[in-house]
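Report on the structure
What follows is each chain in one-letter form.
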Amino acid sequence: MALNLSQKQAVVAELAEVAAKAHSLVAAEYAGTTVEQMTAMRKKARETGVYLKVVKNTLAARAVAGTGYECVKDVLTGPLLYAFSIEEPGAAGRLIKEFAKGNEKLKPKVVAMEGKLLPAAHVEVLASLPTREQALAMLARVLAEPAAMFARAVKAVADKQGGGDAAPAESAA
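Computed from a predicted structure; not experimentally measured.

Helix and strand counts for the protein come out as six helices and five strands. Each helix and strand of the protein, ordered N terminal to C terminal, gives the series α-β-α-β-α-β-α-β-β-α-α. In terms of overall size, the protein is more extended than a compact globule, its C-alpha atoms giving a radius of gyration of 27 Å where 173 residues would be expected to give roughly 16 Å. Each of the 173 residues in the protein was classed as buried or not, and the buried ones make up 31%.

Right, let's talk about the nonpolar core for a bit. Formed by 23 residues in total, the largest nonpolar core has its most connected members in Tyr69, Leu76, Tyr82 and Phe84. Elements with a contribution of two residues or more to this core: helix H1 (5-21), strand E1 (24-29), helix H3 (57-64), strand E3 (80-85) and strand E4 (107-113). Counting 19 residues, the second-largest nonpolar core is a separate cluster that includes Leu52, Ala91, Phe99 and Met113.

Bringing the pattern of salt bridges into the picture now. Two side chains that carry opposite charge are able to pair once their charged atoms sit near each other. Scanning the model with the defined rule gives six salt bridges in all. We note a salt bridge from Asp159 to Lys155, for which the minimum N-O separation is 3.1 Å. Placement of both Asp159 and Lys155 in helix H6 (residues 132-162) is noted, with a separation of four residues, approximately one turn of the helix. For Lys155, a relative accessible area of 53% gives the class exposed.

About the thresholds
- Residues numbered from 1 in each chain as written.
- Predicted model: local features only at pLDDT ≥ 70, side-chain atom pairs only at ≥ 80, totals over all residues.
- Heavy atoms only, no water.
- Helix = DSSP H or I, 4+ residues; strand = E, 2+ residues; numbered from the N terminus.
- Rg over C-alpha atoms; globule rule 2.2 N^0.38 Å.
- Buried < 20%, exposed > 50% of the residue type's maximum accessible area, 1.4 Å probe, protein only.
- Core = buried A, V, L, I, M, F, W, Y, C linked by side-chain atoms within 4.5 Å.
- Salt bridge = Lys/Arg side-chain N within 4 Å of Asp/Glu carboxyl O.

Pasting the structure below:
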């Protein structure tokens, strides 16, 4: 079913709003993907903070104009599925990578992040980025390590001073 002008404008406005706040974009060829596979992918996308949309490339090109994803306008060809990472940068890459394993028809074609167009193979790099929880855990370890080292040093000094070298007890004459 073809969209009328106001529907097209609404799609462009919605996609532009998403693109303005997204961390990354993965566009993938999806021709041949079954309805069940698409439904499962949409469900997983909602759970992981990924905005997933099939839209005409001309509308997508208009939507990304003026955003950090304007760099992809000239490479949008063929039927594409757009996955924008809303909550964390690697989410769209992980989603497309996960579903491409079970579906050889789903192929990443465009990867963009921070205003840069990257080769489609960079979906692997994007997918390997840590989740928010993993990044926070790494940061906590980095911040806790100096305190732990200080505590170990204080304990070592205390052990050295207190063990074996105890001061002789004064004898009462």
